[in-house]
Structure formats: C-alpha cells, structure tokens
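Below are the chains, spelled out letter by letter.
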Amino acid sequence: MTNVDLRRRSFLRWSALSGVGLMLGWRFILPAGGGKFERLRTLSQSHARLLAAVYATVTGLSDTQEMQRAVAFMDRFIGRISSRDRLELKAGLTLLEHSPLFFNGFFPRFTKLDSSERTLVLEGWRDGANWRRPLFGALKDLSYLARYTDPASWSSIGYTGPLVPIERQAGARDLEYFAMLSAEERGMR
Amino acid sequence: MIHTYRTLREPRKFSVDVCIVGSGAGGSAAAWALARAGRKVLVVESGSFFTPKDFNQREDGMFPRLFYDSGGRRTRNRAIRVLHGHGVGGSTLHNINLCKRAPATLVDGWKIAGFDSRVFGPYLDRVEKLLGVSEIPSDRRNQNNQLLAHGMKALGYQGGSLKHNRRGCVGSGFCELGCAFDAKLNAMRVTLPGAIEAGAEILADTRAVRLECDGKRVQRLIAETRKPAWENGEEGAPVSIEIEARAFICAGGAIETPLLLQRSDVPDPRGLVGTHLHLHPGVALAGVFESAVNSWTGIPQSVECTEFLSFDPGSERRVWIIPGAAHPAGAASMLPGFGAEHREMMELYPKMAPLSAMIHDHSHGSVTGKGEYGADIDYVLEEGDRRQLAIGLRECARILFAAGAQEVVLPFRIPKRVKHASEVETLELRVDDHEIDIVSVHPMGSVRMGNSSDESCLDSTGKYHRLDNLHVADASVYPTSLGVPPQVSTYAIGWYVADHIHQTF
C-alpha cells in the first residue's frame with residue numbers, strides 16, 4: 001500500500017466521519033417539530049412540542065386546542081414535582097427525541113416523525129429493556145392525567161365527574177375547622 | 001392551634017414536653033393522648049392544612065396536595081408505585097377508611113416481650129370506639145362491591161362486609177382525594193381537634209430536617225417551614241424552626257421516619273434504620289359487564305374476600321381481595337396499551353368492575369435518602385410474592401366471571417383480554433417487573449420493634465433502643481407486613497406509645 005493510498009483512505013475516513021458528525025450535529029441544532037406553546041413556566045418549547053407529540057400518540061388525538069390545554073397542564077404539573085424528578089424527566093424527554101435514530105433506524109427526531117412512526121418508537125420504549133420502560137410509563141401516565149382530568153373528555157367515557165357538594169354540612173363544621181387555626185392565621189384568611 | 005407558612009415567617013424556637021413529627025394516624029393519636037394527659041405537645045407536619053372545602057374531587061388538584069411527589073413516588077427499579085400521603089391528618093385524609101385490626105396471631109407471632117395481642121388488643125378496642133368504627137351495611141354497597149359479593153357467593157368463597165370510620169357519608173366515591181363532605185372520622189375530624197382542644201399546637205408546611213442528638217438523648221429538632229410547591233409551582237424560602245422537648249416521637253410513616261433518622265445520624269451501628277421495609281403491594285384487573293357499574297360512585301370498598309388470606313403461622317394464603325377504586329386518570333394509567341386500542345377500553349370504563357389483590361408480603365426492602373429530601377426505595381419482589389400476586393389475579397378473574405362478567409381485562413404490558421371463564425384456568429400469569437402496574441398504599445416496617453438492639457430499632461414500648469427520649473409511632477414499627485390496612489393499628493400504636501411516654505415523665 002502506497003503513502004498516497006494511505007493518505008487517501010485517511011482523507012475519505014475523516015470526510016465520512018465529519019459528514020456524519022455534521023448531520024448529527026445539524027440534527028441536534030434544528031428545532032423540534034410541532035407548534036408553539038404559550039405561557040410555559042417549566043418546559044422549554046422543545047420539551048413542550050415533544051410532550052405534545054407524545055400526548056397525540058398516546059391518546060390518538062390531535063385537536064390543537066386540546067393539545068394546548070394538555071401541554072399547559074403538563075407544564076404546571078411538572079413544575080410541582082421535585083427538581084430531581086423534573087431533571088430526570090427532561091433528560092428522558094431529550095433521549096426520546098433523539099432515540100428513533102438509535103433504536104428504530106429513523107433519521108428524523110421524534111417530533112418530526114409521522115404518527116405511525118411515533119407509535120412504533122413508543123412501542124419500542126414500552127417493550128424495550130427495563131431501563132426504557134419506566135420513561136414510557138411516566139409519559140403515558142402524564143398524558144392520561146392531562147387527558148382525563150380535563151372535563152371536556154368525560155362525556156367520551158361516560159364519567160359523571162365530581163359530586164358537587166351542595167348538600168355539605170357547611171357552616172358549623174367549617175367554623176370548627178376555622179377555629180383550629182391560630183388567631184393570627186384566622187386574621188389572615 | 002394550627003400555624004401554617006402564612007404566619008411562620010420568622011425563625012422561631014419552641015420548648016415543649018413532647019414534639020411529634022407527623023400528624024397522621026399514629027402522630028395524631030399520640031398528640032391526642034398526651035395533650036389530654038396534660039402534656040405540652042407540638043406537632044410538626046410537612047404537609048398543608050386542608051379542610052373539606054379544599055377537596056375539589058379532582059385528581060389533578062388533589063394528588064399534588066395530598067401525596068408525596070404528587071403520587072409519583074416509585075421504587076428504585078420503578079416497578080412499584082408507592083403512594084404516601086401528607087397533610088395535616090396524614091394518610092387519613094386520603095385513605096378509603098377501611099378499618100381492620102392487626103391480626104392477633106400475627107402480633108403474637110412477633111414474639112416481642114411485653115408486646116402481644118393481650119397488650120395491644122385493648123388499644124385497638126379503644127381506637128375503634130373513638131373513631132366510631134362500624135360495619136358497612138349491605139344496602140350501602142355500590143354495584144362494584146355487590147358484584148364482588150355475588151361472585152364470591154357463587155364460588156363459595158369466604159369474605160363479607162368491611163368496617164369503616166365514616167359518619168354522614170353521601171357515597172360520593174372520592175375518598176382517595178379527600179372527603180369534601182367531611183364524613184371521614186379521621187385524624188382531622190377526631191384526634192387532632194381533641195389534641196388542639198387540650199392545648200396542642202400544630203406547625204403545618206413544616207418539614208423536620210434533623211434531630212440533634214448528643215449520643216444518649218435528642219436535644220432538639222431542627223425544622224423548616226416553607227410555602228408549599230402545590231400553591232403556585234414553587235416552594236418558598238425556608239424559615240428555620242427549632243424545637244426542644246423532653247421527648248420526641250417520629251410519626252411520619254414508614255418512608256419519611258427512617259429518612260429523618262438517617263439525616264439525623266442517630267446511633268445505628270447495625271444499619272437497621274430503613275431496612276425491612278414491607279409494601280403490602282397490590283395488582284388490579286377489571287371485569288367488563290353488560291350494564292353500567294359506575295365503579296367510581298358510592299363507597300369504594302365495602303366488601304372483602306378473605307378466602308386466600310390466613311395469618312396462621314407459615315400459611316401461604318396471603319392474598320386479600322377487595323374492589324379497586326380508580327377515577328378516570330387512574331384507570332387510564334392502569335389499563336394497558338395506548339392510542340386507539342386504549343381509547344376503546346376507556347369507553348368501557350362505566351361498565352368496568354375493578355378488583356384489587358394485595359398481598360401480605362414476605363419481600364422486604366430498604367429506604368434511604370436521595371438528594372436533599374428524596375427517597376430511594378429499594379424493594380424487589382421475591383418469587384413467592386410474585387406467585388401470590390398471580391394467584392390474586394387468577395382468583396379475581398374467577399370471581400368476576402362468576403359474577404357475570406363478559407370479559408376480564410388483565411392489564412399486562414401486552415394486555416390479556418379473557419372472554420370465557422374456562423380460559424382463566426389455563427392462563428399463564430407471571431407478575432414480573434414492568435409487565436403490570438404494581439401499587440403500594442401501605443408501606444410498613446422500616447424502623448421495627450423487637451427485643452434486641454442487634455436486630456431491631458425499637459423496644460416493646462416504641463422507644464428507640466439507643467436513645468433515651470426518641471420514640472416512633474407509625475407504621476414503620478411493625479416487624480412484618482400487617483397484611484391488612486394499617487390505619488386502626490397505627491392509631492393504636494400512637495396511643496400506646498404516648499401512654500408509655502406519659503408514664504416516664
């Protein structure tokens with residue numbers, strides 16, 4: 001093998017690696033697919049779009065207004081969990097977004113896949129190794145919490161919702177609870 | 001009287017006779033007994049103060065308020081969800097009011113010198129009287145419970161009506177989210193008002209950070225009060241609280257009590273604190289019936305099947321079957337699959353009758369701290385317990401078909417939808433991690449009682465072996481799983497420990 005061959009091989013190898021690196025880097029730089037979400041307090045736009053895509057796949061629904069409500073709910077809910085769990089969830093979301101390339105052979109990110117491809121990806125997380133299943137479980141739980149705590153969903157499943165407490169024995173008992181507070185507390189309420 | 005973060009805005013010091021961490025069944029009973037005996041009592045509670053008008057019967061609203069980690073706490077391997085409540089009243093705010101005594105044979109089997117069913121029984125009697133425990137009449141059974149009773153009768157299985165601590169129940173079905181109708185005869189309604197009337201004070205929104213010990217005694221509790229995260233998404237800045245007391249009682253439950261003791265570096269040369277954790281884990285499934293069951297309405301659990309539950313020594317009948325209770329988000333989470341298939345199952349929700357099988361577990365794990373205040377719960381089911389859960393699923397399926405179910409859905413990762421009773425007999429059932437949802441609502445046993453400081457953390461009076469004035473009065477004291485809901489027993493433990501403390505003063 002001549003020196004020219006070696007230099008050419010080296011050039012080709014490094015060009016190929018650089019090309020792959022550029023493609024992957026470009027992939028990470030590009031924004032996630034999906035719309036824009038307003039008034040987020042906890043989630044970034046990318047994570048919001050990702051959760052919207054998960055929600056649409058898990059529930060099979062894609063109404064835009066419902067999606068906005070669901071993401072707003074998830075944003076508030078995630079804001080109330082511990083910071084450690086929030087960090088783990090966000091890391092998991094980032095992993096999910098880029099996982100199609102590594103686990104399914106799909107080049108686009110999760111948010112840029114079509115619904116059947118997203119379903120395949122989530123099935124992979126559901127059925128995959130034990131370290132992957134909990135993330136799927138958490139995203140499923142979050143999606144259904146957003147969906148089925150929304151009163152707009154109740155008629156679709158025949159759920160009658162809260163029993164409105166109009167017949168509560170208010171008054172006397174409420175006063176007793178109020179009286180358990182310190183004087184300063186009572187003064188503030 | 002009760003103080004919250006709203007008025008605890010400056011550092012404060014307290015000096016009392018007894019400081020109690022936790023205001024659930026055990027802590028509230030201890031506060032009640034000691035305050036009424038004339039002791040100056042201060043209760044520290046990490047959760048918030050809620051009254052019935054705060055309970056909005058919404059899963060999204062109440063889970064962040066009433067449960068640690070908004071109900072999302074799980075074991076280390078994520079296989080088991082561990083629901084653990086907080087709030088002034090602890091888990092008694094969200095429990096389903098089932099009243100079962102710790103079985104006498106079990107208590108006697110612990111062989112703790114000075115603590116057996118003859119000693120403990122009278123405390124259980126007193127608690128049942130105090131809480132107005134009574135059998136749920138059969139005409140108060142909702143359709144889900146009637147189906148369980150019907151199925152049991154058809155198969156000749158043992159069981160019957162459960163007992164509860166309710167008064168004025170309107171059958172809303174939202175017990176697990178706090179009772180908006182103020183019908184629970186729980187810590188908030190019975191023991192804490194009694195304690196406050198006798199002079200006890202409660203600091204809500206106040207987390208116990210650590211106990212400061214000098215090697216023989218606890219000198220003080222350091223705590224911090226904060227505006228809770230559920231209020232507007234962010235925890236407030238901490239305000240330091242210092243409490244000196246003659247005696248301290250830890251009653252934060254089987255997860256939080258060992259964490260506090262570990263943070264406090266209490267003497268523990270054998271490394272026992274936080275070990276021998278039992279979870280009383282359960283699995284659920286649902287039968288689908290021709291007509292509406294509407295399982296979310298009415299008293300959720302009023303019938304039990306005890307055919308497969310025995311506390312005779314060495315018995316392998318360790319399964320307790322009761323109706324399941326889930327509102328739509330909970331039900332959706334437990335049903336397998338997603339997308340169109342899942343939506344189709346959710347449309348059957350009104351016709352679903354869920355049953356739950358909980359086991360008197362032999363498996364035991366440990367709890368240690370994670371981060372500042374998080375919990376690392378290391379618990380893996382032993383093979384024998386997995387078999388018991390599988391037995392529970394099979395028997396629940398039999399009962400549902402005997403009651404007339406058209407189909408039974410076993411919510412495995414790949415769902416098993418069984419259309420005929422005969423198929424139940426040949427079902428291959430295996431409860432592996434991450435194959436089916438496993439839930440624990442009764443963690444117990446992590447700071448257990450025993451005879452020797454080499455094998456246990458507490459003596460027969462609930463006093464920590466290695467410190468003169470530290471006691472535990474919650475579900476962490478039990479040397480084994482109770483195999484039944486621990487509510488009544490834990491109130492009794494609180495009262496029992498309190499009586500002993502009072503005698504030492």
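Residues numbered from 1 in each chain as written. Chains lettered and ligands numbered in written order. Predicted model: local features only at pLDDT ≥ 70, side-chain atom pairs only at ≥ 80, totals over all residues. Heavy atoms only, no water.

Student: It is not clear to me how unusual backbone geometry should be interpreted in this structure. Could you clarify?
Tutor: With glycine set apart, most residues show a phi of negative sign, and most peptide bonds adopt trans. Residue and element names in this part refer to chain B. You will see that His280, though not glycine, has its phi angle at about 50°, which is positive. If you trace the backbone, His280 turns up in the loop between strand E12 (275-277) and strand E13 (282-288). Positive phi, normally seen in glycine, also occurs at Asn294, with a value near 45°. Mapped onto the secondary structure, Asn294 falls in the loop between E13 and strand E14 (303-305). (Helix = DSSP H or I, 4+ residues; strand = E, 2+ residues; numbered from the N terminus.)

Student: Honestly, the confidence of the model for chain B in this entry has me stumped. Any pointers?
Tutor: When pLDDT drops low, the exact placement of atoms in the prediction is not to be read closely. Taken as a whole, chain B shows an average pLDDT of 95; of its residues, 100% reach a score of 70 or greater. Scored by ipTM, the complex comes to 0.84, with pTM at 0.92. (pLDDT = per-residue confidence, 0-100.)

Student: Help me understand the environment of Arg189 of chain A, please; the structure alone is not making it clear to me.
Tutor: Positionally, Arg189 of chain A belongs in the segment after helix H9 (183-188). Given the relative accessible area of 42%, Arg189 of chain A is considered partly exposed. Not counting chain neighbours up to four residues away, the residues in contact with Arg189 of chain A comprise Phe178 and Leu181 of chain A together with Thr4, Arg6 and Phe49 of chain B. In terms of polar contacts, Arg189 of chain A uses its side chain to reach the side chain of Glu185 of chain A, at 3.2 Å. (Buried < 20%, exposed > 50% of the residue type's maximum accessible area, 1.4 Å probe, protein only. Contact = heavy atoms within 4.5 Å. Polar contact = N/O pair within 3.5 Å; in protein donor to acceptor, adjacent residues only side chain to side chain.)

Student: Teacher, can you tell me more about the sheet that holds strand E17 (residues 365-370) of chain B here?
Tutor: Residues and elements named next belong to chain B. Taken in spatial order, the three strands line up as E12-E17-E18 in an open sheet, and their pairing is antiparallel. Looking along the sheet, the strands with just one partner apiece sit at the ends: E12 and strand E18 (374-378). The average angle at which neighbouring strand axes cross in this sheet is 50°, direction not considered. Summarising the sheet, E17 and E18 pair through five bridges and their orientation is antiparallel. Within E18, the residue paired with Thr368 across the bridge is Asp376. Helix H8 (residues 253-263) rests against E12, E17 and E18 of the sheet, and its axis sits at about 55° to E17. (Pairing = 2+ DSSP bridges. Axes fitted to C-alpha atoms, helices over the stretch in contact; angles between N-to-C directions.)

Student: Just checking my understanding: could you explain the interface of chain A and chain B for this structure?
Tutor: Size of an interface: often given as the accessible area lost when the parts come together. Contacts between the two partners involve 51 residues from chain A, matched on the other side by 62 residues from chain B. Carbon and sulfur atoms make up 58% of the area that chain A and chain B hide from each other, which totals about 4900 Å². Three residues, Arg80, Tyr177 and Met180 of chain A, lead the burial of chain A against chain B; their summed loss comes to 15% of the area buried on that side. Counting every contact that joins chain A to chain B gives six salt bridges. (Buried area = accessible area lost by both parts, 1.4 Å probe. Salt bridge = Lys/Arg side-chain N within 4 Å of Asp/Glu carboxyl O.)

Student: How should I be thinking about the pattern of salt bridges in this particular structure?
Tutor: In a structure, side chains of opposite charge can pair up when their charged atoms sit close to one another. Evaluated as defined, the whole model comprises 44 salt bridges over all chains. Residue Glu88 of chain A pairs with Arg78 of chain B through a salt bridge whose shortest N-O separation is 2.7 Å. Of this pair, Glu88 of chain A sits in helix H4 (residues 83-104) while Arg78 of chain B is found in the loop between helix H2 (59-66) and strand E4 (80-82), placing the two residues in two different chains. Judged by relative accessible area, Glu88 of chain A falls into the partly exposed class, the value being 36%. The network of salt bridges with common partners includes Lys13, Arg210, Glu212, Arg220, Glu242 and Glu244 of chain B.

Student: Teacher, can you tell me more about a nonpolar patch on the surface here?
Tutor: Residue and element names in this part refer to chain A. Together, Leu95, Phe102, Phe103 and Trp131 make up an exposed nonpolar region whose accessible area comes to about 460 Å². Position of Trp131 relative to the elements: it lies in the loop between helix H5 (115-127) and helix H6 (133-148). Looking at Trp131, the relative accessible area reads 53%, which means it is exposed. (Patch = residues over 30% accessible without salt bridge, like charges linked within 9 Å, V, L, I, M, F, W, Y side chains within 5 Å. Areas by Shrake-Rupley, 256 points an atom, 1.4 Å probe, with all protein chains shown as cover.)

Student: When you look at the packing of aromatic side chains in this model, what are you seeing that I'm missing?
Tutor: Residues and elements named next belong to chain B. One pass over the structure, following the stated rule, counts 20 aromatic pairs over all chains. Between Phe50 and Trp230 the ring centres are 5.4 Å apart and the planes differ by 45°, which places this aromatic pair in the tilted class. You can see Phe50 sitting in the loop between strand E3 (41-44) and H2 and its partner Trp230 sitting in helix H7 (residues 229-232), a full 180 residues away along the chain. A relative accessible area of 18% means that Trp230 is categorised as buried. Taking 6.4 Å as the distance between ring centres and 10° as the angle between the ring planes, the aromatic pair formed by Trp110 and Phe115 counts as stacked. No difference in accessibility class separates Trp110 from Phe115, as the two residues are buried. Taken together, the aromatic side chains of Trp110, Phe115, Phe120, Tyr123, Tyr478 and Tyr496 make up a single cluster linked through ring pairs. Over the face of the ring belonging to Trp495 we find Arg126, whose NZ or CZ atom lies 5.8 Å from the ring centre. (Phe/Tyr/Trp six-rings, centres within 6.5 Å; stacked < 30°, edge-to-face > 60°. Lys NZ or Arg CZ within 6 Å of the ring centre and 35° of its normal.)

Student: I'm lost on the nonpolar core in this one. Help?
Tutor: Side chains of a nonpolar character, in soluble globular proteins, are inclined to be buried together. Leu96 of chain A together with Ile243 and Leu470 of chain B are the most contacted members of the largest nonpolar core, which totals 169 residues. Dropping the residues within four chain positions of it, Leu96 of chain A is found in contact with Leu50, Val54, Phe110, Val121, Leu122, Trp125, Leu135 and Leu139 of chain A. Counting 51 residues, the second-largest nonpolar core is a separate cluster that includes Ala254, Ala353, Tyr379 and Leu389 of chain B. (Core = buried A, V, L, I, M, F, W, Y, C linked by side-chain atoms within 4.5 Å.)

Student: Which parts of the structure should I look at to understand the side chain of Lys100 of chain B?
Tutor: Residues and elements named next belong to chain B. Along the chain, Lys100 turns up in the loop between E4 and helix H3 (104-109). Within polar-contact distance, the side chain of Lys100 engages the side chain of Glu304 at 2.7 Å. Ignoring anything within four residues of it in the chain, the contact list for Lys100 reads Leu162, Glu304, Trp320, Val484, Pro485, Val488 and Ser489.

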